[in-house]
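Here's the letter readout for the chains.
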Amino acid sequence: MAPSHVLKCCQRVLAWVPVAFIALVVAWSYYAYVVELCVFTISSTAEKVVYLVVFHLSFFMFVWSYWKTIFTSPASPSNEFCLSKADKEQYEKEERPESQQEILRRAAKDLPIYTTTASRAIRYCDRCQLIKPDRCHHCSACDICVLKMDHHCPWVNNCVGFSNYKFFLLFLMYSLLYCLFVAATVLQYFIKFWTLCRRKAAENCPKNELPDTHAKFHVLFLFFVAAMFFISILSLFSYHCWLVGKNRSTIETFRAPTFRNGPDKNGFSLGCSKNLREVFGDEKKYWLLPIFTSLGDGCNFPTRLVIMDPEQVTVPSQNESAKSSGTNQSFPTRPLSESQNRLLAGDCQWVESGPEEESVKTGAKKHIIVSLES
């Protein structure tokens, strides 16, 4: 027990090494830009003021979004996805996979689940002992099931999922802008330091150029580091922008979710506009701020394949529910929840449905299909 405990502690400490490295680089870049460049190198007061104001604005947004990405806990499934004590005991006693699946199908018949494993079985996590909601996966590093898991990022020592995916995107965007601004404003001084004043003799150095001081090395390395990080982050940010437009996670790109009609990478895509609003929310004034505005609860997601399936749109009767738990049904058929209806509402505004709308379910269903096809 003791060696295992020590090993886990060492792993937890080592997991913070990439974050500490980024923090040191950012702290050094702040010193190099503010002190060595703006204070000791730039002579124009107006240029100093403009550079410092824009720099601190981009620096603050970058640090804020990075902090939120690191320290926002990954969202886990709610208790409704956990098996009851009786079902759990029966599941553990059963040795045949068919009997275990029958228990899971019975437990999942009232849950908003539309995806299965590749073999059409209910997605169940033996580690967390719960039925996995759609787009939920178990993270071996965090040792928990994470809602809408995208990946585990070592640079933030955290899982990127439903609770912090917006923060992660903003972190990439603001770090990209931060590096671009630093590289662009340092470029002219980088060229001067790199090409001029190479000779130690003062008489060979032009009088109108910068002195050869220790600031030279900070400015030179600052440009190289900013340019290097800009190039590397640009490809990652572009990739995640593409994922948002397609409403996919990194995991779903490599392993498409399986629906009743088979695997489909675009099963959760509702169109670029609605995909974007599902991540950033429906109030654009909050899009660029690292505050949580994503729509939904992380367990329910609107699915174009489910909407197009009339058997899953209509509410099944008691007889139909009983049939759906039979052996011929690979996974339970559930109606659209209130959360999914809200996310698939028209382009005017996404609001919760009131009780008075229950009498017009048929009209709402047609409206959903029409808005989805448009």
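Heads up: the structure comes first, above all this text.
Scope of this entry: the structure provided in the associated data block. Since the structure is predicted, the reported quantities are computational estimates derived from the model, not experimental observations.

1. What to know about the overall build of the chain
Scanning the chain from terminus to terminus reveals 14 helices and 8 strands. The buried share of the chain, reckoned over its 374 residues, is 46%. Put simply, 64% of the contacts in the chain that link residues at least 6 apart link residues at least 24 apart. For the chain, the accessible surface area stands at approximately 20200 Å², while carbon and sulfur atoms represent 62% of it.

2. Notes on the packing of helix 2 (residues 17-39) against helix 7 (residues 215-246)
Where helix 2 contacts helix 7, the two axes come as close as 10 Å, and the packing angle between them is 130 degrees. Considered as vectors, helix 2 and helix 7 are oriented oblique to each other. Seen from above, helix 2 lies across helix 7 with left-handed handedness. Between helix 2 and helix 7, the residues in contact are Ile22, Val25, Trp28, Ser29, Tyr31, Ala32, Tyr33, Glu36 and Leu37 and Ala215, His218, Val219, Phe221, Leu222, Val225 and Phe229, respectively. Residues belonging to the contact of helix 2 with helix 7 are distributed by class as follows: 13 nonpolar, 2 polar and 1 charged.

3. Some thoughts on the pattern of salt bridges
A full pass over the atoms with the stated rule returns 8 salt bridges. Glutamate 252 is paired through a salt bridge with arginine 135; the nearest N and O atoms lie 2.8 Å apart. Of this pair, glutamate 252 sits in helix 8 (residues 250-254) while arginine 135 sits in the loop between strand 2 (130-131) and strand 3 (137-139), and the two are 117 residues apart along the sequence. The same class applies to glutamate 252 and to arginine 135, which are both buried. Linked through salt bridges whose partners overlap, the residues forming this network are Arg135, Glu252 and Glu278.

4. What about helix 2?
Given a rise of 1.5 Å per residue, 23 residues ought to cover 33 Å, and the 31 Å separating the end C-alpha atoms of helix 2 matches this to within 8%. At alanine 32, helix 2 is deflected by roughly 25 degrees, the largest bend along its length. On its buried side, helix 2 packs onto helix 3 (45-71), helix 6 (165-195) and helix 7.

5. A word on the nonpolar core
If you look at the biggest cluster of nonpolar residues, it comprises 50 residues, and the most contacted ones within it are Tyr33, Phe55, Tyr165, Val182 and Val186. Secondary structure elements with two or more residues in this core: helix 2, helix 3, helix 6, helix 7 and helix 9 (272-280). Per-element tally for this core: the top contributor is helix 6, with 17 residues. Excluding its chain neighbours within four sequence positions, the residues that come into contact with tyrosine 165 are Asp150, Val160, His240, Leu243, Val244 and Val279.

6. Quick notes on the packing of aromatic side chains
Two numbers describe a pair of aromatic rings. These are the distance of the centres and the angle of the planes. As enumerated under the stated definition, the model contains 27 aromatic pairs in all. A centroid spacing of 5.6 Å and a plane angle of 70 degrees characterise the contact between phenylalanine 162 and phenylalanine 292, whose relative ring orientation is edge-to-face. Remark: phenylalanine 292 occurs in the loop between helix 9 and helix 10 (304-307) and phenylalanine 162 occurs in the loop between strand 6 (158-160) and helix 6; sequence separation between them is 130 residues. With 6.4 Å between their ring centres and 65 degrees between their planes, phenylalanine 223 and phenylalanine 224 make a pair best called edge-to-face. Site record: aromatic cluster; members linked through ring pairs are Tyr30, Tyr33, Tyr51, Phe55, Phe59, Phe62, Tyr66, Phe168, Phe171, Tyr178 and Phe181. Above the plane of the ring of phenylalanine 268 lies arginine 135, whose end atom (NZ or CZ) is 4.3 Å from the centre. Note that arginine 135 overlies the ring of phenylalanine 301, its terminal NZ or CZ placed 5.0 Å from the centroid.

7. Regarding the state of the cysteines
This model, assessed by the stated rule, comprises 0 disulfides. The thiol of cysteine 142 is unpaired, and the distance to the nearest cysteine sulfur, on cysteine 159, comes to 3.7 Å.

Parameters and conventions
Residues numbered from 1 in each chain as written. Predicted model: local features only at pLDDT ≥ 70, side-chain atom pairs only at ≥ 80, totals over all residues. Heavy atoms only, no water. Helix = DSSP H or I, 4+ residues; strand = E, 2+ residues; numbered from the N terminus. Buried < 20%, exposed > 50% of the residue type's maximum accessible area, 1.4 Å probe, protein only. Contact = heavy atoms within 4.5 Å. Areas by Shrake-Rupley, 256 points an atom, 1.4 Å probe, with all protein chains shown as cover. Axes fitted to C-alpha atoms, helices over the stretch in contact; angles between N-to-C directions. Parallel < 35°, antiparallel > 145°, perpendicular 65-115°, else oblique. Left-handed = near helix turned anticlockwise from the far one by under 90°. Nonpolar A, V, L, I, M, F, W, Y, C, P; charged D, E, K, R; others polar. Salt bridge = Lys/Arg side-chain N within 4 Å of Asp/Glu carboxyl O. Expected span 1.5 Å × (residues − 1). Bend = angle between axes of the 7 residues up to and from the residue. Core = buried A, V, L, I, M, F, W, Y, C linked by side-chain atoms within 4.5 Å. Phe/Tyr/Trp six-rings, centres within 6.5 Å; stacked < 30°, edge-to-face > 60°. Lys NZ or Arg CZ within 6 Å of the ring centre and 35° of its normal. Disulfide = S-S within 2.5 Å.

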